Each structure stands twice: as structure tokens, then as C-alpha cells.
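# Chain and residue survey
Each chain, letter by letter, is given below.
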Amino acid sequence: MRRWIKDPLAVLAKGAEGGLVVENGKISQLVGRGEKPQCDSTVEASQHVILPGLINTHHHFYQTLTRAHPDAINKELFDWLKALYPVWARLNPEAHRIATRLALTEMMMSGVTTSSDHHYVFPPGLDDAMDIQVDEAVKLGMRMTVTRGSMNLSVKDGGLPPDSVVQDQDTILADCERVIGKYHQRGEGAQIQIGLAPCSPFSVTRDLMRETAVLAEKHDCRLHTHLAETHDEDAFCLATFKMRPLDYLEDCGWLSSRTWLAHGIHFNDADIKRLGKHGVGICHCPTSNMTLASGRCRTCDLEAAGVPVGLGVDGSASNDASNLMEGVRHALLLNRLTYGQKVTHFDVLRWATQGSAACLGRSDIGEIAVGKQADLAMFKLDELRFSGAGDPLAALVLCGAQRADRVMIAGAWRVVDGLPVGLDLAQLRSQHGRAAKAFLNA
Ligand code: ZN
């Protein structure tokens, strides 16, 4: 079956003015202006702006249950975390499942076709957190890099989280091996990949960081963690490890091209050079960084040094939405403050697609090109906010597109007419809203 997605209003690809042909889940042909490819069916796209499916490289799905939480709003990271850890300790399998479904659906509706999740909260009874996430992603047809997160450094040992949300190192490493063995797909077109993701310098021991890097090397999978997010983290690393965060990362054996870091804000020139030399990726999370007033990531300097730069929404409690198109717009506006007009809508769209794919170590997604996976996000410009817009691609970012009209993943339509296929949105909203009530304090 060759399907021609025909004559789009605009497309983020060169030589595809007449659209593209999808065959066996991949892009098999780009169609030039006025060309008529051989095909079995056509999809009229004259009202659509087509992007490669967006790729979200940092999230915490369970945090959709604690958005705009009264105990945490208007706080910076450490105080925000200390307020939320005991609340998150209430997470159970049912709530985790519905939070995962909601986050995946929200993202898909905003044009995301691949997402990572960093799940690091494992209160007693939530041993199958990874299995739940894989199950939900497969049901919805989303691609995912599911990261097995971890915390083993609690307050009593000098860390930030309470005992109620940490696990011991042996349990963590055994579960990492289990989920890699059970779910990690390799090669082109993989739907589910597993990454390993100790949470942060202030919630994980040095030994667990080191052992996790060894395990990632053994199984050839990705490594992920939060780093250089706040000045508080700098101070913690200096006090605890007698070194700055990036030196600590190197000491733990993490400076490698299999690593991508969330935030990466407080790096100096020498750090940036070192990150580029080792090919460490950075997931820029503009919305979260503005919400928590964490600082501004040096995106363009990082890219110039050879660092892959991707985008992430970050957990819903520090973004309060899982909308990566909104994140694209925030990336443009925030980076204009740092770099002026040097940053364009093409840059931020590249970060959300090719850059994010590089962070996840994938060359088969993130681009509309022959041989790539048929992962597409198609937007209509029919809302009031777009009326009068001249440049369709710029309009998506500048006018603030929020919702895709159609989304294709591996050649299958997952969103049609703005709605997820085969999912009852009203039911999802009411189930999730009910589950979230358990996370509010009396
Ligand atoms: Zn995060």
C-alpha cells in the first residue's frame, strides 16, 4: 500500500512540496511540486502544515496527578521537591496507569510521536511501574524510550527525598536488567526502548551512578539524568562530592554519547566544550525552567560545540501541561532573550525533532526524508489564532499551535480530526481527575 499525503499547505522538508508517500510504515518518496507519484490511495493535505512527529525527551508522567499542587506552586526546585516527595509517595499502580495514559494522549494530540519518560518514584507496591508504561504506550501506538529511574539517597544519608520514595541499589539494578531484557527493542523502527535514569546528584549515591553506567554499557542502552538545573544543585555537589556537577558526572563514568541530560543550564564554557567532545546530549526544558525560575540553557553555544540539543516538556508539575508544541514556542521566546533573532522557528522545530532524536540515539525518526519512519504531525491553521498568518511554518510557532489535526506513527493514524483514535477522552478526563484527588492534602 502506497499512500500519498498530497499537496500540503507547507512541509518541514526540502523537495516535498507535493507531499510524501508512506509505505510499510516508512517514508518511501518525497514528492516535488507538480509531481504525481504512483500510489494506491491519497490523503488530501492542502489545509495541513506537516512536521516530522515531535519527540519529547524529558517528562515524568505521574506528575500529571499533581499539577498546580497547592503545596508546591510558587516554589523553586528544592523546596518544590520537598513539598511534593511525600505526596508522590501515595502513587499506586492504578493512578500510575491513568497518569501515563493521560500524558501520552495529551502529547499525541499536540503532535508528539515519540516520548521519553523518567520515572523514578517507586513507593512500595509499584514494582511494575515500567510494565504499566510499556503496556499503555503499546495500546496507544506511541513510540517510547521508557527510562527506569531510581533514587537511593534519602534524607538520612544526606540526600533530599524521604525514605518513603527510595529503593535499595540491588533492587534497582535487578529491575533495570529485568526491564531491559523484557522490553528493550533494538534497531530501526523500534517502538519501545529502555533507558537507565538515576534521578539526580542529590537523590542517588555515587555507587549507583557508577553501576548504572556499567549496566548501560553492558546492554548498550541510553543513560539519562537531571543535571545542572539549579544553583542549589551546584552547592550540593560542591559540599557533598567536593566537585561541580559535570566533574561529578565524569567521575561516575557518564561522559559518553549514550548520555543525555535534562536541563543542562548552569554550564560554563569549559563544561560546554567537554560535553561537545563526548557527544553528551542536552534536553532543553524551557517551560519548566521558566516556571521554576531555574535559569536559561545555553542552547546555541551547546549546539555550536557539537552537543545534540533536544526539547522536553518536563514533568507536568513543573510545566502543568504536556504540550510539546507549546514547548517549541516557549523555546523560541526564551532563547530570544539570550540570543536575539539568531534563534528562529526552524531552530526550535529542529530541536523538537532531529535534536531530540539524537538525544535518544535514534537516526530513524525526527525527519521527513526517504527511509525514515512515517511519524508525522499535521496541523490545520483554521483556529482564530492563525487567521491572517502569512508564513504557515512560522505561524505554527509564533501564533502558538496547540493541537494537531492528524498524527501518524509508523504509518498508522493515531489522531484523526484532532481526536485520538479509539480512546474516550471524556472518560479519561474523569478517571484521571478522580485519581488525582488522592494527591491533594486535606
Ligand atoms: Zn525532570
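Within any chain, residue numbers begin from 1 and follow the written order of that chain's sequence. With pLDDT at 70 or above as the cut-off, local features in this predicted model cover only qualifying residues; side-chain atom pairs require 80 or more to be listed or tallied, and sums for whole chains, interfaces and linings still use all residues. For side-chain calculations, the full set of non-hydrogen atoms in the structure is used, while hydrogens and water are omitted.

### Section: the domain arrangement of the protein chain
To be explicit about the condition: Here the bounds of each domain stem from an automatic or database domain assignment. In short, buried area is how much 1.4 Å probe accessible area vanishes from two parts on joining, totalled over both. Any Lys or Arg side-chain nitrogen found within 4 Å of a carboxyl oxygen on Asp or Glu counts as a salt bridge. Think of a polar contact as two N or O atoms within 3.5 Å of one another; within protein, one of them needs to be a possible hydrogen donor and the other a possible acceptor, and neighboring residues in sequence only count if both atoms come from side chains. In this text, helices come from DSSP runs of H or I with a minimum length of four residues, and strands from runs of E with a minimum of two, each type numbered from the N-terminal end.
On domain assignment, one finds that the protein chain holds domain 1 (2–52 + 366–420) and domain 2 (54–359). In this structure, domain 1 and domain 2 have C-alpha centres spaced 29 Å apart. Roughly 2300 Å² is buried in total at the junction of domain 1 and domain 2, and carbon and sulfur atoms are behind 64% of that figure. Looking at the side of domain 1 facing domain 2, the largest losses of area belong to Val397, Gln402 and Ile409, adding up to 24% of the total buried there. Where domain 1 packs against domain 2, one counts two salt bridges. Taking the shortest distance from any N to any O, the salt bridge between Asp375 and Arg143 comes out at 2.7 Å. Counting across the interface, domain 1 meets domain 2 through nine residue pairs in polar contact (both at pLDDT 80 or more). The set of elements that each furnish at least two residues to the side of domain 1 that touches domain 2 consists of β6 (48–52), β15 (376–380), α13 (392–400), β16 (406–409) and β17 (412–416).

### Points about unusual backbone geometry
Positive phi, normally seen in glycine, also occurs at Asn74, with a value near 65°. Of note in the backbone geometry, His263 takes a positive phi value of approximately 85° without being a glycine. Its place among the elements puts His263 in strand β12 (residues 259–263).

### Structural notes on the coordination of the zinc ion
Filter applied, for reference: Metal donors were taken as nitrogen, oxygen and sulfur atoms no farther than 2.8 Å from the ion, or 3.2 Å where the ion is Na, K or Ca. Water is excluded, so coordination may look unfinished.
Protein ligation of the zinc ion involves His58 (NE2), His60 (NE2), His226 (NE2) and Asp314 (OD), the donor distances falling in the range 2.1 to 2.4 Å. Between consecutive donors of the zinc ion, the numbers of intervening residues give the motif H-x1-H-x165-H-x87-D. Of this pair, His60 sits in the loop between β7 (54–56) and α1 (77–88) while Asp314 sits in the loop between β14 (309–311) and α11 (324–339), placing them 254 residues apart in sequence.

### Comments concerning the sheet that holds strand β9 (residues 143–150)
Convention followed: The pairing criterion for strands is at least two bridges between them, as found by DSSP. Angles shown run from 0 to 180 degrees and are taken between the N-to-C directions of axes, each axis being a line fitted to C-alpha atoms and, for helices, limited to the stretch in contact. Residue contacts are defined here by distance: any two heavy atoms, one from each residue, within 4.5 Å place the two residues in contact.
The sheet built from eight strands is open, its strands ordered β7-β8-β9-β10-β11-β12-β13-β14 with parallel pairing. With one partner strand each, in any of the chains shown, β7 and β14 form the two edges of the open sheet. Sheet twist, expressed as the average angle between the axes of neighbouring strands with direction ignored, equals 25°. When strand β11 (residues 222–227) meets β12, the two strands line up parallel, connected through five bridges. For Leu223, the partnering residue across the bridge sits in β12 and is Thr259. Contacts from helix α12 (residues 345–359) reach β7, β11, β12, β13 (281–284) and β14, with the element oriented near 110° to β14.

### Details of the sheet that holds β17
In spatial order, the strands read β2-β6-β15-β16-β17-β18; together these six strands make up an open sheet with mixed pairing. Two strands lie at the open edges of the sheet, namely β2 (10–11) and β18 (419–420), each paired on one side alone. With five bridges joining them, β6 and β15 adopt antiparallel strand pairing. Residue pairing in the sheet places His48 in a bridge with Lys380 of β15.

### Things to note about the pairing of strand β8 (residues 112–119)
Definition in use: A simple rule labels every residue: compare its accessible area, found with a 1.4 Å probe on the protein chains alone, to the largest value its type can have, and call it buried under 20%, exposed over 50%, or partly exposed in between. A clockwise path from the first strand over the helix to the second, with the strands pointing away from the viewer, defines a right-handed crossover.
For β8, the buried fraction is high: eight of the eight residues fall into the buried class. By the bridge criterion, three bridges tie β7 to β8 in an arrangement that is parallel. Residue pairing in the sheet places Ile55 in a bridge with Thr114 of β8. Handedness of the crossover is the feature at issue here: the chain leaves β8, passes through helix α3 (residues 129–140), returns alongside β9, and the resulting connection is right-handed.

### Some thoughts on the pairing of β6
Consecutive side chains along a regular strand alternate between the two faces of the sheet. By the criterion of burial, β6 is predominantly enclosed, with five of the five residues buried. Here β6 shows two buried faces, one formed by His48, Ile50 and Pro52 and the other by Val49 and Leu51. Inspection of the sheet shows β2 paired to β6 by two bridges, in the parallel sense. Residue pairing for β6: Ala10 is matched across the bridge by Val49.

### What to know about helix α8 (residues 269–278)
In plain terms, the rule: Directions drawn from the helix axis to the C-beta atoms are what define this arc.
Taken together, the buried positions of α8 are occupied by Asp271, Ile272, Leu275 and Gly276. Viewed end-on, α8 has its buried residues packed into an arc of 135°, placing them on one side of the element. Opposite its buried face, α8 presents the exposed residues Asp269, Ala270, Lys273 and Lys277, each directed more than 90 degrees away. On the buried face of α8, the contacting elements are α7 (245–251), β12, β13 and α10 (299–304). Just downstream of α8, Gly279 is the residue with a positive phi angle, here 70°.

### Here we look at α1
Worth spelling out the cut-off: One fewer than the residue count of a helix, multiplied by 1.5 Å, yields its expected span.
In this model α1 runs 15 Å from its N-terminal to its C-terminal C-alpha over 12 residues, within 8% of the 16 Å that 1.5 Å per residue would give. What α1 keeps buried is the set Leu77, Phe78, Trp80, Leu81, Ala83, Leu84, Tyr85, Val87 and Trp88. Considering only its buried residues, α1 is in contact with α6 (231–241).

### Brief notes about the pattern of salt bridges
Tallying each qualifying case throughout the model produces 29 salt bridges. As a salt-bridge pair, Lys156 and Asp157 come within 3.3 Å of each other at their nearest N and O atoms. Among the ionic pairs, Arg350 bridges to Glu303, the shortest N-O distance being 2.8 Å. Pair noted here: Arg350 is in helix α12 and Glu303 is in helix α10, with a separation of 47 residues, a long-range link. You can call Arg350 partly exposed: its relative accessible area is 26%. By relative accessible area, which is 29% here, Glu303 ends up partly exposed. A network of salt bridges, in which partner residues are shared, links Arg97, Arg101, Asp135, Glu136 and Lys139.

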